[in-house]
Amino acid sequence: MPRAPLPSKGGAPLPGAAKAREAMENEDELLSGLHLKRLPGIGNLLCKRLIERFGSAAAVLRAEPEAWAEVEGITERALAALRRNRSPRREIIQEIRAASRLGIRMLSLADADYPPLLREIPDPPPILYMRGDPAAMASFPVAVVGSRSPTRYGREMAQRLAADLARRGFAVVSGLALGIDTAAHEGALAAGGKTAAVLGSGLERIYPSQNAPLARRILAASGAIASEFEPEAGPEAWRFPVRNRVISGVSLGCVVVEAGARSGALITARLAAEQGREVFAVPGSVQSPRSAGTHRLIQQGAKLVQDVQDILEELGFAARPEAMAGSASPAADPPAPQAGTLPAEEQEVLAALGPYPLHIDELGRALGRDAGSLAALLLQLELKGLAVGHPGKYYTAAARPPGARP
């Protein structure tokens, strides 16, 4: 159990005590989340349902068995495992310490740095292993994926689209595989932007090994490398379709560049659609088997992409390219009203918004407001140019020009 901060002479917490308590609570939640993840019969979907029902992984382990039984989808096997294992095992503590020595962060669902869009999918990883800057998976991420053996055209398109996205403040997410993934990471790096790689292996087993230098360049450029698998996990075939839901889950949309009829990139596209993300496809030659999958996606309703503007428009960032160039994040034109002149309720909502997309439900929970009244306030802020609505009921604060007053 986390200890309460020691009182100072005046009754308030001692300096640093609040941070110490927060660190202890984060460690407790990490221990509990990792323990919960390892119990037989508890997969990612059930793990999320349990945490949502009780508020935290630590609270799940403290709950009574009768309460566990009320959670949708729980089985007798899972209930038996929970009854037998209420406390994290010693080896889990050792695992967390070992990851820390390797420079790997372990993010629980409750961690503020856990990718916000990934948290919203039905089966997010309860624990995400990460090296680098978590902001690279939260700064308007867009996935770019495709064939491991692309044509020159496919490689150049992936590089160009990734570079154009990066110049406009989007983070480019891909899987560090050879081919299109590599081209996407390279394009973002060449443009001086952020990129993040999601692995189908552990962070200590970079795969493919020839892309280890690229992984180091991503980290050196304030990007991120992430995996839901333990650091020493090998690149087994079953792990790659599993990781694909993370690539799509962290992203606003998924761009497929050159994919054959049986390409793994099509799995990522399907998962993106199921998660409510936008799906994009770059057309190729009708005679090229390497574009058969992308053409099928277009037939099924994916947005045809000729250049970056097609992506921006579909995602709701249709600002003029020259207005967006050089901005820290995608946004509409600068707002005219000053926040200080707004009604108190609108100021409260605006203060809760930031540069990263926030779902209206998450915003409602944070502010203690119902969806109806919150939607009305958000509409007012949008009309005043202070907030930007995005597909899927996500919202951000509108960017301000340099020197503008809050």
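Residues numbered from 1 in each chain as written. Predicted model: local features only at pLDDT ≥ 70, side-chain atom pairs only at ≥ 80, totals over all residues. Heavy atoms only, no water.

A. Focus on the pairing of strand β6 (residues 224-227). Burial of β6 is two-sided: the residues Ala 224 and Ala 226 facing one way and the residues Ile 225 and Ser 227 facing the other way are all buried. Bridge analysis of strand β2 (residues 127-132) against β6 gives 4 bridges, and the strand direction is antiparallel. By the bridge assignment, Arg 131 is partnered in β6 with Ile 225. Note that strand β5 (residues 195-198) and β6 share 3 bridges and pair parallel. (Buried < 20%, exposed > 50% of the residue type's maximum accessible area, 1.4 Å probe, protein only. Helix = DSSP H or I, 4+ residues; strand = E, 2+ residues; numbered from the N terminus. Pairing = 2+ DSSP bridges.)

B. A look at the layout of surface pockets. The calculated volume of the largest pocket comes to roughly 440 Å³. Glu 52, Leu 109, Arg 119, Glu 120 and Arg 365 are the residues nearest the centre of the largest pocket, which is lined by 14 residues in total. Residue assignment for the lining of the largest pocket shows that the elements contributing at least two residues are α2 (44-54) and α17 (360-367). Looking at the lining of the largest pocket, the element that brings in the most residues is α2, giving 3 residues. Among the residues forming the lining of the largest pocket, the class breakdown is 4 nonpolar, 2 polar and 8 charged. (1 Å grid on protein atoms, 1.4 Å probe; cavity = no way out; pocket = protein on both sides within 12 Å on 5 of 7 lines; lining within 4 Å. Points joined across faces, edges and corners; volume = space filled by probe spheres on them. Nonpolar A, V, L, I, M, F, W, Y, C, P; charged D, E, K, R; others polar.)

C. Highlighting the nonpolar core. Counting 51 residues, the largest nonpolar core has Leu 36, Ile 42, Phe 54 and Leu 82 as its most contacted members. Take this core: its biggest share by element is 5 residues, from α2. Here Phe 54 is in contact with Ala 59, Val 60, Ala 63, Ala 67, Trp 68 and Val 71, once residues within four sequence places are set aside. The next biggest cluster of nonpolar side chains, apart from the first, holds 28 residues, and it includes Val 142, Val 255, Val 282 and Val 308. (Core = buried A, V, L, I, M, F, W, Y, C linked by side-chain atoms within 4.5 Å. Contact = heavy atoms within 4.5 Å.)

D. The packing of aromatic side chains, seen in detail. Inspection of every chain in the model, using the stated rule, returns 5 aromatic pairs. Between Phe 170 and Phe 317 the ring centres are 5.3 Å apart and the planes differ by 80°, which places this aromatic pair in the edge-to-face class. In this pair, Phe 170 is assigned in the loop between α8 (152-167) and β4 (171-174) and Phe 317 in the loop between α14 (308-315) and α15 (321-324), connecting sequence segments 147 residues apart. Of the two residues, Phe 170 and Phe 317, both sit in the buried class. A network of ring pairs unites the aromatic residues Phe 140, Phe 170 and Phe 317 as a single cluster. (Phe/Tyr/Trp six-rings, centres within 6.5 Å; stacked < 30°, edge-to-face > 60°.)

E. Fine view of helix α5 (residues 76-84). Of the residues making up α5, those classed as buried are Ala 78, Leu 79, Ala 81 and Leu 82. All buried residues of α5 lie within an arc of 160° about the axis, which places them on one face of the element. Facing away from the buried side of α5 by over 90 degrees, the exposed positions are Glu 76, Arg 77 and Arg 84. (Arc of directions from axis to C-beta.)

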